[in-house]
Amino acid sequence: DIPAFPEIEKLEIEKKYSQNALLINAFIQKPFGIWCLKKITEPKCFWFSEQGKIFKESLMPSGNLIKVVSDYNQTDLSLGGKILDDYLLGNFISIFKVVLESNVNVSEIRLDKLEDEEIIVKTSNGPEIYFSLRHRAENYLPIINSLSKKPSFKNLEYVDLRTENRVYYR
């Protein structure tokens, strides 16, 4: 970690004594999504990496090209820090990947109360999808894609994936 430069993922340093040279390769963090703190008066947004590391401030995004998480729970995050505690981070990343890879048109990804350990995904053309931060979500991708292809998907109220290895919908 290089606290002064959170955008740098890692550095490779190579010494070439015969040429009196020092080669430094800096690898920059790749953006994975945007995390917006919405509980505060003036919302703040940050780019985060696939490892959940916050590395750059962002403007408030609009549109659907970049997936944005609306955090209505936390009030402060800092560059170089993480979007969530480690015990929740891996499961959140798996949920975020499922949302990115699914056929569902997402209008909002929400974190309302951290103590509930839930993520709510609001879709533009269908139900809300509830995920639990207590378990990984990879197994739900085929189910979400299958449900979203059905004409009745838009009439569903919700799809509940909060119980591990179970799917409830209404």
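Residues numbered from 1 in each chain as written. Predicted model: local features only at pLDDT ≥ 70, side-chain atom pairs only at ≥ 80, totals over all residues. Heavy atoms only, no water.

A. Up close: the pattern of salt bridges. Summed over the entire model, instances satisfying the criterion amount to twelve salt bridges. In this structure, Glu 117 and Arg 134 form a salt bridge, with 3.0 Å as the shortest nitrogen-oxygen distance. Taken as a pair, Glu 117 in the loop between strand S7 (106–111) and strand S8 (118–123) and Arg 134 in the loop between strand S9 (128–132) and helix H2 (141–149) lie far apart in primary sequence, 17 residues in all. Residue classification places Glu 117 among the buried residues on the basis of a relative accessible area of 17%. Several salt bridges converge on common partners, so that one network encompasses Glu 108, Arg 110 and Asp 112. (Salt bridge = Lys/Arg side-chain N within 4 Å of Asp/Glu carboxyl O. Helix = DSSP H or I, 4+ residues; strand = E, 2+ residues; numbered from the N terminus. Buried < 20%, exposed > 50% of the residue type's maximum accessible area, 1.4 Å probe, protein only.)

B. Examining the sheet that holds strand S3 (residues 33–37) more closely. An order of S5-S4-S3-S6-S7-S8-S9-S10-S11 is seen for the nine strands of this open sheet, with the pairing classed as mixed. The outermost strands of the open sheet, each flanked by one partner alone, are strand S5 (54–58) and strand S11 (168–169). Pairing of strand S10 (residues 158–161) with S11 involves two bridges; the strand directions are antiparallel. Looking at S11, one finds that Val 159 is bridged to Tyr 169. (Pairing = 2+ DSSP bridges.)

C. Layout of a nonpolar patch on the surface. A surface patch of nonpolar side chains, about 390 Å² in accessible area, is lined by Leu 11, Ile 13, Leu 22 and Ile 24. For the nonpolar patch, the elements supplying multiple residues, two or more each, are strand S1 (8–16) and strand S2 (21–28). (Patch = residues over 30% accessible without salt bridge, like charges linked within 9 Å, V, L, I, M, F, W, Y side chains within 5 Å. Areas by Shrake-Rupley, 256 points an atom, 1.4 Å probe, with all protein chains shown as cover.)

D. Inspection of the pairing of S7 at higher detail. Counting buried residues in S7 gives five out of six residues, a clear majority hidden from the surface. Bridge count for strand S6 (residues 68–71) against S7 is three bridges, and the pairing is parallel. Within S7, the position partnered with Asp 71 by the bridge is Leu 111. Each parallel crossover has a hand, and the one from S6 via helix H1 (residues 86–101) to S7 is left-handed. Pairing of S7 with S8, which is carried by four bridges, proceeds in the antiparallel orientation. Each residue of the ladder has a partner; that of Val 106, found in S8, is Thr 123. In sequence, S7 turns back onto S8 through a hairpin of six residues, with Glu 117 there showing a positive phi of about 55 degrees. (Right-handed = clockwise from strand over helix to strand, strands pointing away.)

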